[in-house]
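Architecture at a glance
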Amino acid sequence: MSSRPRKLFLAALAGERQARPPIWLMRQAGRYLPEYREIRGRAASFLDFCYTPAFAVEATLQPIRRFGFDAAILFSDILVIPDALGQMVAFESGEGPRLDPIVDAAGLAKLAEEPDWMRLAPAFETLERVKTALPGDVALIGFCGAPWTVASYMIAGRGTPDQAPARLFAYRQPKLFAQLIERLVEASTAYLLRQLAAGAEAVQIFDSWAGVLPPAEFERWCVAPVAAVIAKVRASAPNAQIIAFPRGAATQLGKFAHVPGLAAIGLDTAVEPRVAIEALPGRIALQGNLDPLALVAGGAGLDEGVDRVLGGFGERAHIFNLGHGILPETPVEHVERLVARVRKA
Ligand code: CP3
């Protein structure tokens, strides 16, 4: 008889505080790892890398082997959804993503009704293969971008400092923008359901650009679409464990308090843990929120930052993470130091 190993990450997501918090890091696979740079150099492009299970499986597992994190996250990108909807997406090395921008109704009409599931099949194969390769106590996370954040790249066609193109589009053509958001709600829901069917035990919705929206727009373009994705996913998969990461939500964090079915909220670096504890009910676990720059810096600054995060969440269920993705210049030894300190806690 063998009992299933307990997964700390899933227990914390269920709302139970753990003796030591589970830990994983956003962008834990990537350029700060020499073994990632080595295999990344063998693919013709970043999207080819994502769509080749041999590479994606390996990239997903690399940080688990090196650091023993409590969760692995599918190696992919949020922009595979516009790609699978037929929009041109490319990653220029060192310059970030480039898309064929959607500027009007004709651009929107060019998108496919549904994502090309054949194009996304490698992500599901990657999840299946990672699931069988993971140690029994490590959970597997799938993800997608939130409709607002994905739409902001689809409209601007590139990264921008403030997502001004999408904000202007939403003010000038709200009906058209709502149609794009609705399409992304449907595509994201179907994509997450397929990831859960392929073995993901939890999924995270990355709303990296939530913080540029004023209150009414935050409700309409961030909270409502994320809540719709959660409701629709859970209508088909009632036990789906879903984390939302509304980066920059600040004083608007409490708007997630009433989103049904939300298991956890990812907190960005600027959120005071006490404020999140008060703004969100106890059933919602809190994830975060060490400054990625403290991890770059290392030393006493890192230790102090880690201790403040560890001590900040009181009796709340807490999942240790960064407040945003790990930076490429992060020394590997600093990540080792971080993990050791969290494990000792
Ligand atoms: O967390 C993980 O380890 C899983 C993989 C993952 C990637 N991107 C890999 C990636 C995840 C979860 C993402 C999410 C993502 N992608 C977000 C939301 C989170 C966030 O960081 O705010 C966003 C906004 C994107 C879009 C994106 N992808 C941009 C803007 C860029 C270029 C900037 C950069 O860091 O280069 C990417 C490329 C990308 N996605 C890389 C990786 C490892 C680097 C490209 C490479 O290795 O060649």
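Structure shown above.
Residues numbered from 1 in each chain as written. Predicted model: local features only at pLDDT ≥ 70, side-chain atom pairs only at ≥ 80, totals over all residues. Heavy atoms only, no water.

**Structural notes on the overall build of the protein chain**
Counting its secondary structure elements, the protein chain contains 15 helices and nine strands. The globule rule puts the C-alpha radius of gyration for 345 residues at 20 Å, and the 19 Å found for the protein chain is close to it. Projecting the C-alpha coordinates of the protein chain onto the three principal axes gives extents of approximately 55 × 45 × 45 Å. Among the 345 residues that make up the protein chain, the fraction classed as buried is 57%. The long-range share in the protein chain, meaning contacts at least 24 apart out of those at least 6 apart in sequence, stands at 73%. With the model as given, the accessible surface of the protein chain reaches about 14,100 Å², and the carbon-plus-sulfur share is 54%. For the protein chain, the distance from the average site of its 36 positive side-chain charges to the average site of its 36 negative ones is 2 Å. (Helix = DSSP H or I, 4+ residues; strand = E, 2+ residues; numbered from the N terminus. Rg over C-alpha atoms; globule rule 2.2 N^0.38 Å. Buried < 20%, exposed > 50% of the residue type's maximum accessible area, 1.4 Å probe, protein only. Contact = heavy atoms within 4.5 Å. Areas by Shrake-Rupley, 256 points an atom, 1.4 Å probe, with all protein chains shown as cover. Lys, Arg positive; Asp, Glu negative; His and termini not counted. Charge placed at Lys NZ, Arg CZ, Asp CG, Glu CD.)

**Let's talk about helix H7 (residues 117–133)**
Here H7 spans 24 Å end to end across 17 residues, near enough to the 24 Å set by a 1.5 Å rise per residue. Within H7, burial applies to Trp117, Leu120, Pro122, Ala123, Phe124, Thr126, Leu127 and Val130. Packing partners of the buried residues in H7 comprise helix H4 (53–67), helix H5 (80–84), strand E4 (139–145) and helix H10 (174–197). (Expected span 1.5 Å × (residues − 1).)

**Things to note about the environment of Gly323**
Inspection of the secondary structure assignment puts Gly323 in the loop between strand E9 (318–322) and helix H15 (332–344). Along the sequence, Gly323 and Gly288 sit 35 residues apart, while their C-alpha atoms lie 5.4 Å from each other. Among residues more than four places away in sequence, those in contact with Gly323 are Met26, Phe245, Arg247, Leu267, Asp268, Thr269, Asn289, Leu290 and Pro292.

**Considerations on the site of the ligand**
Near the ligand, the surroundings consist of 22 residues, among which Arg27, Arg31, Tyr36, Asp77 and Ser208 are the closest. Between an oxygen atom of the ligand and a main-chain N or O atom of Ala29, the distance comes to 3.2 Å. Protein coverage of the free-state accessible area of the ligand, which is 860 Å², stands at 87%. Listed by contribution, the elements that provide at least two residues to the shell around the ligand are helix H2 (34–40) and strand E3 (96–99). Among the residues making up the shell around the ligand, the classes are represented as 13 nonpolar, five polar and four charged. (Near = heavy atom within 4 Å. Polar contact = N/O pair within 3.5 Å; in protein donor to acceptor, adjacent residues only side chain to side chain. Nonpolar A, V, L, I, M, F, W, Y, C, P; charged D, E, K, R; others polar.)

**Thoughts on the packing of helix H9 (residues 164–172) against H10**
Packed helices, taken two at a time, are described by the angle between their axes plus the distance between the axes. Remark: H9 packs on H10, axes separated minimally by 5 Å, with the N-to-C direction vectors making an angle of 120°. As far as their axial angle goes, H10 and H9 are oblique. Here H9 contributes Ala166, Phe169, Ala170, Tyr171 and Arg172 to the contact with H10, which in turn contributes Pro174, Leu176 and Phe177. (Axes fitted to C-alpha atoms, helices over the stretch in contact; angles between N-to-C directions. Parallel < 35°, antiparallel > 145°, perpendicular 65-115°, else oblique.)

**Some points on the nonpolar core**
Ranked by internal contacts, the top residues of the largest apolar core, which has 132 residues, are Phe9, Tyr191 and Phe256. Residue contributions to this core peak at ten residues, all from H10. When near neighbours in sequence (up to four residues on either side) are disregarded, Phe256 contacts Phe218, Cys222, Val223, Val226, Ala244, Pro246, Leu262, Ile265, Leu280 and Ile284. (Core = buried A, V, L, I, M, F, W, Y, C linked by side-chain atoms within 4.5 Å.)

**Examining the packing of helix H14 (residues 299–312) against H15**
Contact pair H14 / H15: the axes reach a minimum separation of 10 Å and the direction vectors enclose 35°. The two elements H14 and H15 cross, and the hand of that crossing is right-handed. Each of Gly299, Ala300, Leu302, Asp303, Val306, Asp307 and Leu310 in H14 lies in contact with H15, whose residues at this interface are His334, Arg337, Leu338, Arg341 and Val342. Here the contact of H14 with H15 is built from residues that sort into six nonpolar, two polar and four charged. (Left-handed = near helix turned anticlockwise from the far one by under 90°.)

**Concerning the side chain of Thr149**
Structurally, Thr149 is set in helix H8 (residues 147–156). Within the structure, Thr149 has its side chain in polar contact with the backbone nitrogen of Trp209 (distance 3.0 Å). Discounting chain neighbours no more than four positions away, the residues touching Thr149 are Ile78, Phe206, Asp207, Ser208, Trp209 and Ala210.

**What about the environment of Ala156?**
Within the element layout of this structure, Ala156 appears in helix H8. Taking the C-alpha atoms as reference points, Ala156 and Ala224, separated by 68 residues in sequence, lie 22 Å from one another. Leaving out residues up to four positions away in the same chain, Ala156 has contacts with Pro101, Gln163 and Pro165.

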